[in-house]
Amino acid sequence: MTDSGMTYMVIAYSLVFAVIFAYTLTLGSRMGKIEREIEALKQAQKK
Amino acid sequence: MELRTKELFNSMFLFALLALIIFNFAFAGSMPKSVLAGALWVAFLFASVLGLNRSFVKEQDKGCLEGLLLAPADRSAIYFGKFLGNLVFLLFVEAVSLPLVTVFFNRTEIVHHPLELAGILVLGSVAISSVGTILSAITANTKTRELLLPILLFPLMIPVIIGAVEITAYIFEPKGTIDQWLRLLVVYDIIFVLVPYVLFDYVVEE
Amino acid sequence: MKVDWSKVLSVATLVMMLVSLYLIFIYAPIEKTMGVVQKIFYVHVSTAWTGFLAFFIVFVSSIIFLRNGSRLADIVAYASAEIGVLFTTLTLITGPMWARSFWGKWWDWSEPRLVTALILWFLYSGYLILHRSAGEDIRRARFNAVYGIIAFIDVPIVFLSVRWYRASHPPLLVFEPGGLDASMKVAFFVTLFTFTLLYFWLLNLGTRAGKVQDELRTLKEGL
């Protein structure tokens, strides 16, 4: 039991941190994309 | 409008009956009383979805909703009216289906305690109709409303199904206690008739 | 001196996460009967708690949004729902892993906490789908909020139902983790706190993303 138990535990913790990390990155990139679009629009408006 | 109502009733009724027939074959003809209780509620729940989908859609199409809003009547009364309409409809479908189920499947237990059975049908149907009506309003304007309504409805119905089936199974074959389920369903009904009623006003104001 | 609370939150979350990991893996002892697997417990319960907290915030924000039309409340509600679904997904993945290691069964329909988590997942996935198909219409946003309120009210009812359902369907699993060792308790509560910080950090991120999205939309409409 200890061996397969260890596997589960490793998977569980890795998954939790991987998912949180991925979500953070997604949010960040989402925000970056939008901010770039806003900048572009503002530039276009100036002209 | 009235022809459509008749069509709708027929569809719901036939659907419920067909669902039960399929259950019969799915369980290879052997449905113990507890399973019958479950099959009945599943059939009625699924049939109700057919009816609920229509209740707000038709209004939108005809702009009836806008007209109703101009009326001085309490806006929450709109919700209540629709809720009652859906409830009566569902109860009617159930009332017509059950005698046929008794005959076709030789289930005498259905007619042994008609009053109690009627009671639980009302209790359960109120829950389905109240939540279903508000969800029907919530999903009315969405693109995938016909799919979305059951997706939102079913998780909310789980306590109701558990309780209604336990009580119905008890009516067919008394075993154990059902007090807690009765209390649960009554509380559920009260909450889910009142909360949408109160919230509806907040939604429809401009 | 003006304090940037966002930055404080970020640093605090990171630090506490490291502290938690230390407490879980080094400070808390390995459980005698269950072995290393027991450590899943810390993260499983924490994700469950975070999911629940997230949905509570959806509930509160939805009420605020209905009462005073605060755009911020709507944004917070959506961000929170997203986080909630995320953490509930993690709960539903770590839960069966734990159950399987201990009792040889992946799932038990009589276990109220697990089943409630599953229903929670469906309820709030529905919320996210609703939000997506609703668009920017104010009335739709309001209906969305109504659903957020109704869904949360349902949660304790679901929990109770499954509990009572268990009475007539003998459970396969008994989830009482027994007494926790004092050092385990420390690790446990610290981890709970850490995940709470993490939640607020993610909520902050999500809210900023939502606000920026709003800004873009208003800009586009102005053209």
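Here we summarise the structure given alongside this text. (Residues numbered from 1 in each chain as written. Chains lettered and ligands numbered in written order. Predicted model: local features only at pLDDT ≥ 70, side-chain atom pairs only at ≥ 80, totals over all residues.)

1. A look at the overall build of chain A
Counting secondary structure elements, chain A contains 1 helix and 0 strands. Taken over the C-alpha atoms alone, chain A extends approximately 70 × 5 × 5 Å along its principal axes. Looking at chain A as a whole, 11% of its 47 residues are labelled buried. (Helix = DSSP H or I, 4+ residues; strand = E, 2+ residues; numbered from the N terminus. Buried ≥ 20, exposed ≤ 12 C-beta atoms within 10 Å, placed from the backbone.)

2. Some remarks on helix α2 (residues 40-68) of chain C
Taking 1.5 Å as the rise per residue, α2(C) with 29 residues should run 42 Å; its terminal C-alpha atoms sit 42 Å apart, in good agreement. Gly69(C) sits one or two residues past α2(C) and shows a positive phi near 60°. (Expected span 1.5 Å × (residues − 1).)

3. Quick look at unusual backbone geometry
All names here are of chain B. The phi dihedral of asparagine 106 is positive, around 50°, even though this residue is not glycine. Residue placement: asparagine 106 occurs in the loop between α4 (75-104) and α5 (109-112). Given 7 C-beta atoms within a 10 Å radius, asparagine 106 is considered exposed.

4. Quick look at the interface of chain C and chain A
Between chain C and chain A, the residue contacts involve 22 residues of the former and 23 residues of the latter. Looking at the side of chain C that touches chain A, the elements with two or more residues in it are α2, α3 (71-103) and α6 (182-222) of chain C. Here the element with the most residues in the side of chain C that touches chain A is α6(C); it accounts for 9 residues. (Contact = placed C-beta atoms within 7 Å.)

5. With respect to the interface of chain C and chain B
Contact with chain C, which involves 26 residues of that partner, is made by 25 residues of chain B. Residue assignment for the side of chain C that touches chain B shows that the elements contributing at least two residues are α4 (112-134) and α5 (138-168) of chain C. Counting residues per element, the side of chain C that touches chain B draws most heavily on α5(C), at 17 residues. Looking at the side of chain C that touches chain B residue by residue, the classes come out as 18 nonpolar, 4 polar and 4 charged. (Nonpolar A, V, L, I, M, F, W, Y, C, P; charged D, E, K, R; others polar.)

6. Observations regarding helix α1 (residues 5-27) of chain C
Turning to α1(C), its buried residues number three or more, namely Thr13(C), Ser20(C) and Leu23(C). Here the buried face of α1(C) lies against α6 of chain C.

7. Focus: the packing of α2(C) against α6(C)
Residues and elements named next belong to chain C. Orientation of α2 relative to α6, taken along the N-to-C sense of each, is 40°, at an axis distance of 9 Å. Comparing the axis directions of α2 and α6 gives the class oblique. Seen from above, α2 lies across α6 with right-handed handedness. Side by side, α2 and α6 meet where Tyr42, Ser46, Trp49, Thr50, Leu53 and Ala54 of the first sit next to Ala187, Phe188, Thr191, Leu192, Phe195, Thr196 and Tyr199 of the second. Across the contact of α2 with α6, the residue classes break down as 9 nonpolar, 4 polar and no charged. (Axes fitted to C-alpha atoms, helices over the stretch in contact; angles between N-to-C directions. Parallel < 35°, antiparallel > 145°, perpendicular 65-115°, else oblique. Left-handed = near helix turned anticlockwise from the far one by under 90°.)

8. Quick word on the packing of helix α8 (residues 179-204) of chain B against α5(C)
Following both chains from N to C, one finds α8(B) and α5(C) inclined at 170°, their axes separated by 11 Å at the closest point. Of the possible angle classes, the one that applies to α8(B) and α5(C) is roughly antiparallel. Contacts between α8(B) and α5(C) involve Gln180(B), Leu184(B), Tyr188(B), Ile191(B), Val195(B), Leu199(B), Tyr202(B) and Val203(B) from the first element and Arg139(C), Arg142(C), Phe143(C), Val146(C), Ile149(C), Ile150(C), Ile153(C), Ile157(C), Leu160(C), Ser161(C) and Trp164(C) from the second. Its residues assigned to classes, the contact of α8(B) with α5(C) comprises 15 nonpolar, 2 polar and 2 charged.

9. Description of the nonpolar core
Core analysis: the biggest nonpolar cluster contains 136 residues, and Ala16(B), Val131(B), Val58(C), Val146(C) and Tyr147(C) have the highest contact counts within it. Among the elements that make up this core, the one with the highest residue count is α3(C) (16 residues). Those residues within four positions of Val131(B) in sequence are excluded, and the remaining contacts are Leu153(B), Leu156(B), Met157(B) and Phe192(B). (Core = buried A, V, L, I, M, F, W, Y, C linked by C-beta atoms within 7 Å.)

10. Regarding the environment of Glu82(C)
All names here are of chain C. Inspection of the secondary structure assignment puts glutamate 82 in helix α3. For glutamate 82, a count of 24 C-beta atoms within 10 Å corresponds to the buried category. For glutamate 82 and serine 125, which are 43 residues apart along the polypeptide, the C-alpha to C-alpha distance reads 8.2 Å. Leaving out residues up to four positions away in the same chain, glutamate 82 has contacts with Leu128 and Gly206.

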